Amino acid sequence: MNTGKRSLVVLTLVGTALAGLSALRLHAGDKDQIPSQFSKEQKDNLSRFLQQHEKPDRYIPAGAKIVSSQPMPASTKVENPPAKSIKQYMVQITPHRPVPGQEEVQRADVVYYRPNPEKGKPGITVRHTVDLATGNQVGPTEVLFNSHTPISHEELAEAVDLARQKTPAIEELYKQREKSNVRWEYLQLMINRKHGANEPGDRVVRLVFTASAIKDQAEPMPTRVIVNLTKGTVTPDDR
C-alpha cells in the first residue's frame, strides 16, 4: 500500500475463507455466536433475547441513547418509511469481565449493525447490554454513529456476491472451477475521510480472490477489489 492511501485507510480486520468452509460460517444463525463459556441457562436466556430482537420494527430504536462524538446525521432524524424494511446484522456478543468474587460472567453486550434505509448513507451500530441471569436488557439501548464496527459474516457474503456480479474476471474464476477451488481473503477498511466514493461510516472491505490452476493452464493471478457495501460499488484495487 502506498503512503498516500495509508493516511486515508486503516486496516483493522483480516480473514481468510475457503468457499466451502465460509458458506457454513456465513450462513450461521445468531445463536452460533453465543460464547461457549456461558452456562446452558445463560445461553438459553441470551437466545431468547436474540429471538426477541431478531426483526427490528424501526431504524432508530425507541428511547435509544445516542453515543457519538459528532452531531447526529440529519438522515437519521427521519423515521423509516413504512414501505421499507429494516435490515440488521448480528456483529458480535461480548461478555463483560466478571467482577471480583463472581465465578461467571453476569452480563454481555449484543451488537448489531443496521444499514441505512436510504441507500448510500451510513448506517448505525446498535448495542444492548443483557443480564445473562434473566435474558433481560440492562439500561438503555445505545446507538453509535460512524463507529468502526466489525463486519458481519452476512455482510462478507454479500461483498463476495457483489464482487462476482460486478467483476467479470472474478465471475470467470467461478465459472471454470468448483466453488471450493476459489478462495478469498479480506481486510475491513476504516475510512477516516472521504476518498473517492468512500466516506466515513461506509462499510468497505478489500477482497483478494485466488484460484487453483485448471488442466495445463497456469494458476491465475490474484484479483483484488474494493467493495463498498454502503454505496454498492466495486472498484479495482490498484495498490
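Residues numbered from 1 in each chain as written. Predicted model: local features only at pLDDT ≥ 70, side-chain atom pairs only at ≥ 80, totals over all residues. Heavy atoms only, no water.

Okay, the overall build of the protein next. A tally of regular secondary structure across the protein gives 5 helices and 11 strands. Counting only residues that meet the buried cut, the protein has 40% of its 239 residues in that class. Within the protein, contacts between residues at least 6 apart in sequence are counted, and of these 63% link residues at least 24 apart. Surface accessibility of the protein: about 13,300 Å² in total, with carbon and sulfur atoms responsible for 50%. (Helix = DSSP H or I, 4+ residues; strand = E, 2+ residues; numbered from the N terminus. Buried < 20%, exposed > 50% of the residue type's maximum accessible area, 1.4 Å probe, protein only. Contact = heavy atoms within 4.5 Å. Areas by Shrake-Rupley, 256 points an atom, 1.4 Å probe, with all protein chains shown as cover.)

What follows is about the pairing of strand E4 (residues 107–114). Successive side chains on a regular strand alternate, one facing one side of the sheet and the next facing the other. Of all 8 residues in E4, 7 are buried, a share of seventy percent or more. With 6 bridges joining them, strand E3 (residues 89–95) and E4 adopt antiparallel strand pairing. Note on E4: the bridge partner recorded for Gln92 is Val111. As defined by bridge partners, E4 adjoins strand E5 (residues 124–131) across 8 bridges and the pair is classed as antiparallel. Across the sheet, the residue bridging to Val110 is His128, located in E5. (Pairing = 2+ DSSP bridges.)

Here we take up the pattern of salt bridges. In this structure the tally under the stated criterion is 9 salt bridges. Between Arg127 and Glu142 there is a salt bridge; the shortest N-O distance is 2.5 Å. Residue Arg127 is found in strand E5, and its partner Glu142 is found in strand E7 (residues 142–145); the two are separated by 15 residues along the sequence. When its relative accessible area of 26% is taken as the criterion, Arg127 is described as partly exposed. Shared partners join several salt bridges into a network, and the residues in it are Glu199, Asp202 and Lys231. (Salt bridge = Lys/Arg side-chain N within 4 Å of Asp/Glu carboxyl O.)

This paragraph deals with the confidence of the model for the protein. Do not read the predicted coordinates in detail wherever pLDDT is low. Averaged over all residues, the pLDDT of the protein equals 83, while 81% of them reach at least 70. Within the protein, helix H2 (residues 19–26) has the poorest average pLDDT of any element, 35, and strand E6 (residues 136–137) the best, 98. For residues 1–28, every residue scores under 50 in pLDDT, and the model assigns this stretch 54 contacts once sequence neighbours within four places are set aside. (pLDDT = per-residue confidence, 0-100.)

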